[in-house]
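# Structure assessment
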Amino acid sequence: MELLLGIDLGTSGTKTVLFDSDGRRLASHTVEYPLYQPKNGWAEQDPEDWWRAVQETVRTVLAKSGAKPEDIRGIGIAGQMHGLVMLDGQGQVLRKAILWCDGRTQAQCDEITRTVGREKLLSITANPALTGFTAGKILWVREHEPENYEKCRHILLPKDYIRYKLTGEFATEVSDASGMNLLDVPKRQWSGEILSLLGIDRSLLGEMYEACQVTGQVTKAAAEATGLAEGTVVVGGAGDNAAAAIGTGVVEEGKAFTTLGTSGVIFAHAGQVTIDTQGRVHTFCSAVPGAWTVMSCTLSAGLSLQWFRNQFCPAERETAAALGVDPYELMTAEAEKSPIGANRLIYLPYLMGERSPLLDSDARGMFFGLSAIHTRGDLVRAVLEGVAYSQRQCLDVFREMGVDVSDMAICGGGGRSPLWRQMLSDLYGCPVKTIASEQGPALGVAILAGVGAGVYDTVAQGCAAAVRTGEKSMPDSGRSAAYEPYYNLYRRVYPALREQFGTLASLE
Ligand code: ADP
């Protein structure tokens, strides 16, 4: 038996999954932990909670599967990106980790942009200074908690703390390190220039690896704590989206996945490094050696439909509960009766402002073209279409950058809707397919572990062996052509109103 273990260190909990080399899931277990919000806009977690969750999930998975620990050929860790873990010289945690969704560092991000220069920062780290990213958090601790900064000897990303606990090694890998504002993304190594401009000592940062390289072995102490076999190899692993890309088979040019969760993400494979000079989409190192990825993030994708359901569909919710079906299914069935263009109704999905491709926190949602003929089905259809247009607009930015996509996988709750999948396929002009194995990031890092341990020769070979697709929606040229005038109008509505959104935001 050749088994592979994937550990997915998420924000709500850690999910550990044991797979065989064909990608079949043998056992899985999740343990949750708290998120601390000591102030409005702050978000922290205790790295010790993560380690406890890893120990418990690994033990449970071993017990549930009855697997022999010696049969596990390799371990991969996927993780929430960007978080800051600080350790002292003894490897003890100095303060709670500051997470990706913590917004306290705007002043530090402005300082980074001033010190490095916006263009240089973009050309080296491939991204602007963002409050979610790690560099601003390091500067914040140096400024506000100098006593912690002075004692700090090791700076790690969340999943790299788990690597340290498992192997005793201080290391990271290129996909996750891409979200720190400290990596030279084209060269795939720490940027000496940025580190020295920001006054951050290189020795604080771990060794840099590719995602599928072996970074260490499970120590005796970790083996006792988890039930794993001493000496089991641990590979680099990957940031959560980079890991999901592997778990959905997005490992070659032309491939991408869309996630329609609360937010909407498109994550595409790129054979060359390509950077959007306007900072509308992110460029990261891929978990595939020698490749990169581009990523867009729209803030209110599934959230738009959820908002509509919560505010306007109480009857559907009751009926659905009585029938034992999902209210979204009743809503999308209503929308299916409305034609393409929703009877000339356009919805802008900017309920929370927008990131990709507009970068405007003042933007807001709207229905454009409401008339007394419109039914609720038209409104639901307009919401589904508006979200699909926003994804298409992101894909247009990728295509402008030279990253074409001809094969799209779909994940997240919105991917369950055949109507939404078909809209995306017609608007993207390419097939959209579901993934049968819903273990995205955990499977992705298990595949990476398989490459490091020699079970597979390459990441692509691992994906071919272990990733199984489900249903496929094919684009239809007639429908694609019918959407085009509505999509073009959708794209013109926001620019026509840009200033008015600012005015609206300034009103009491
Ligand atoms: P999260 O980002 O919170 O993990 P999920 O991936 O669970 O989100 O997706 C939740 C969203 O998926 C909901 O807000 C809703 O818009 C959408 N969704 C869930 N089920 C369906 C369905 N059957 N049809 C259409 N949309 C759905």
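Values in this document were obtained by computation on a predicted structure and should not be read as measured data.

Conventions and cut-offs
- Residues numbered from 1 in each chain as written.
- Predicted model: local features only at pLDDT ≥ 70, side-chain atom pairs only at ≥ 80, totals over all residues.
- Heavy atoms only, no water.
- Domains from an automatic or database assignment.
- Pairing = 2+ DSSP bridges.
- Helix = DSSP H or I, 4+ residues; strand = E, 2+ residues; numbered from the N terminus.
- Axes fitted to C-alpha atoms, helices over the stretch in contact; angles between N-to-C directions.
- Contact = heavy atoms within 4.5 Å.
- Near = heavy atom within 4 Å.
- Polar contact = N/O pair within 3.5 Å; in protein donor to acceptor, adjacent residues only side chain to side chain.
- Areas by Shrake-Rupley, 256 points an atom, 1.4 Å probe, with all protein chains shown as cover.
- Buried < 20%, exposed > 50% of the residue type's maximum accessible area, 1.4 Å probe, protein only.
- Right-handed = clockwise from strand over helix to strand, strands pointing away.
- Salt bridge = Lys/Arg side-chain N within 4 Å of Asp/Glu carboxyl O.
- Parallel < 35°, antiparallel > 145°, perpendicular 65-115°, else oblique.
- Nonpolar A, V, L, I, M, F, W, Y, C, P; charged D, E, K, R; others polar.
- UniProt positions renumbered as here; feature names shortened; annotations may be inferred.
- Core = buried A, V, L, I, M, F, W, Y, C linked by side-chain atoms within 4.5 Å.
- Disulfide = S-S within 2.5 Å.

We now examine the domain arrangement of the protein chain. The domain architecture assigned to the protein chain consists of domain 1 (3–236) and domain 2 (301–396 + 479–506). Relative placement of domain 1 and domain 2: their C-alpha centres are 36 Å apart.

All right, on to the sheet that holds strand S16 (residues 254–260) then. The seven strands are arranged S18-S19-S17-S16-S22-S23-S24 in an open sheet whose pairing can be described as mixed. Looking at strand neighbours, the two that pair on one side only are strand S18 (282–285) and strand S24 (469–473), the edges of this open sheet. Between one strand axis and the next, the sheet turns through 25° on average, direction left out of account. Pairing geometry for strand S17 (residues 264–270) and strand S19 (residues 292–298), over seven bridges, is antiparallel. Directly across from Phe 267, in S19, lies its bridge partner Met 295. Sheet strands touched by helix H15 (residues 418–428): S16, S17, strand S22 (405–411), strand S23 (432–435) and S24. Its angle to S23, the strand with the most contacts, is close to 140°.

With that out of the way, let us pick up the site of the ligand. As a matter of local geometry, the ligand sits amid 14 residues, with Thr 262, Gly 302, Tyr 328, Gly 413 and Gly 414 nearest to it. In the environment of the ligand, an oxygen atom lies 2.8 Å from a nitrogen or oxygen atom belonging to the backbone of Gly 302. Bound to the protein, the ligand loses 72% of the 580 Å² it would expose on its own.

This brings us to the pairing of S22. By the criterion of burial, S22 is predominantly enclosed, with five of the seven residues buried. Note that S16 and S22 share six bridges and pair parallel. Considered in S22, the bridge of Thr 258 is made with Ile 410. Here S22 runs beside S23; their pairing, made up of three bridges, is parallel. Bridging across to S23, Ala 409 finds its partner in Lys 433. Once you follow S22 into H15 and on to S23, the crossover reads as right-handed.

The next thing to look at is helix H6 (residues 158–167). With nine of 10 residues buried, H6 lies mostly within the body of the structure. Among the residues making up H6, those that are buried are Pro 158, Lys 159, Asp 160, Tyr 161, Ile 162, Arg 163, Tyr 164, Leu 166 and Thr 167. Taken from the residues just after H6, Gly 168 is the one with a positive phi, measuring 80°.

A few words on the pattern of salt bridges. Scanning all chains against the criterion turns up 29 salt bridges. Note that Asp 102 is salt-bridged to Arg 104, the shortest N-O span being 2.8 Å. In terms of burial, Asp 102 and Arg 104 fall into one category: buried. Asp 407 is paired through a salt bridge with Lys 433; the nearest N and O atoms lie 2.9 Å apart. Separated by 26 residues along the polypeptide, Asp 407 in strand S22 and Lys 433 in strand S23 bring together distant segments of the chain. Residue classification places Lys 433 among the buried positions, given a relative accessible area of 12%. Each of Glu 44, Arg 95, Asp 102, Arg 104 and Glu 145 takes part in one network of salt bridges that share partners.

Axis separation between helix H2 (residues 106–116) and helix H4 (residues 134–144) bottoms out at 8 Å; the angle between their running directions is 110°. Taken together, the axes of H2 and H4 are roughly perpendicular relative to one another. Taking contact as the criterion, the partners of Gln 108, Glu 111 and Ile 112 in H2 are, on H4, Ala 135, Gly 136, Leu 139, Trp 140, Glu 143 and His 144. Here the residues of the contact of H2 with H4 are counted per class, giving four nonpolar, three polar and two charged.

In the numbering used here, UniProt assigns the "domain: Carbohydrate kinase FGGY N-terminal" (unreviewed entry) feature to residues 4–247. Summarising residues 4–247: 37% helix, 24% strand, and an end-to-end C-alpha distance of 13 Å.

For the rest of this paragraph, the subject is the packing of helix H10 (residues 240–247) against helix H16 (residues 440–452). Contact geometry of H10 with H16 gives a least axis separation of 6 Å together with a crossing angle of 75°. Taken together, the axes of H10 and H16 lie roughly perpendicular to each other. Packed against H10, whose contacting residues are Asp 240, Ala 243, Ala 244, Ile 246 and Gly 247, the element H16 presents Gly 440, Pro 441, Leu 443, Gly 444, Val 445, Ile 447 and Leu 448 at the interface. Here the residues of the contact of H10 with H16 sort into eight nonpolar, three polar and one charged.

Core analysis: the biggest nonpolar cluster contains 90 residues, and Ile 155, Leu 182, Trp 190, Ile 200 and Met 408 have the highest contact counts within it. Considering every element that reaches this core, the biggest residue donor is helix H14 (residues 376–400), with 12 residues. Here this core spans two domains, and each of domain 1 (3–236) and domain 2 (301–396 + 479–506) adds at least three residues to it. The residues touching Ile 200, leaving out its near neighbours within four places in the chain, are Ile 138, Leu 139, Arg 142, Tyr 149, Leu 182 and Leu 195. One finds Met 81, Ala 242, Ala 245 and Ile 246 within the second-largest nonpolar core, a separate group that totals 44 residues.

Turning our attention to the state of the cysteines. One pass over the full model with this rule turns up zero disulfides. Its sulfur unpaired, Cys 285 is 13 Å from the next cysteine sulfur, which belongs to Cys 212.

Position of Thr 274 relative to the elements: it lies in the loop between S17 and S18. Taking relative accessible area as the criterion, Thr 274 reaches 15% and is therefore assigned buried. Among the polar contacts listed, one links the side chain of Thr 274 to the backbone oxygen of Met 401, at a separation of 3.2 Å. Residues contacting Thr 274, with those up to four places away along its chain left out, are Thr 283, Val 294, Met 401 and Val 403.

What follows concerns unusual backbone geometry. Residue Pro 357 is bonded to the preceding Ser 356 through a cis peptide linkage, with omega at -5°. With respect to the helices and strands, the residue Pro 357 is situated in the loop between strand S20 (346–348) and strand S21 (366–368). Here the phi dihedral of His 82 falls at roughly 70°; this positive angle occurs in a residue that is not glycine. When you line up the elements, His 82 lands in the loop between strand S5 (72–79) and strand S6 (85–87). Judged by relative accessible area, His 82 falls into the buried class, the value being 12%. Even without being glycine, Ala 126 reaches a positive phi, approximately 70°. Locating Ala 126 in the fold gives a position in the loop between helix H3 (118–125) and H4. By relative accessible area, Ala 126 is classed as buried at 2%.

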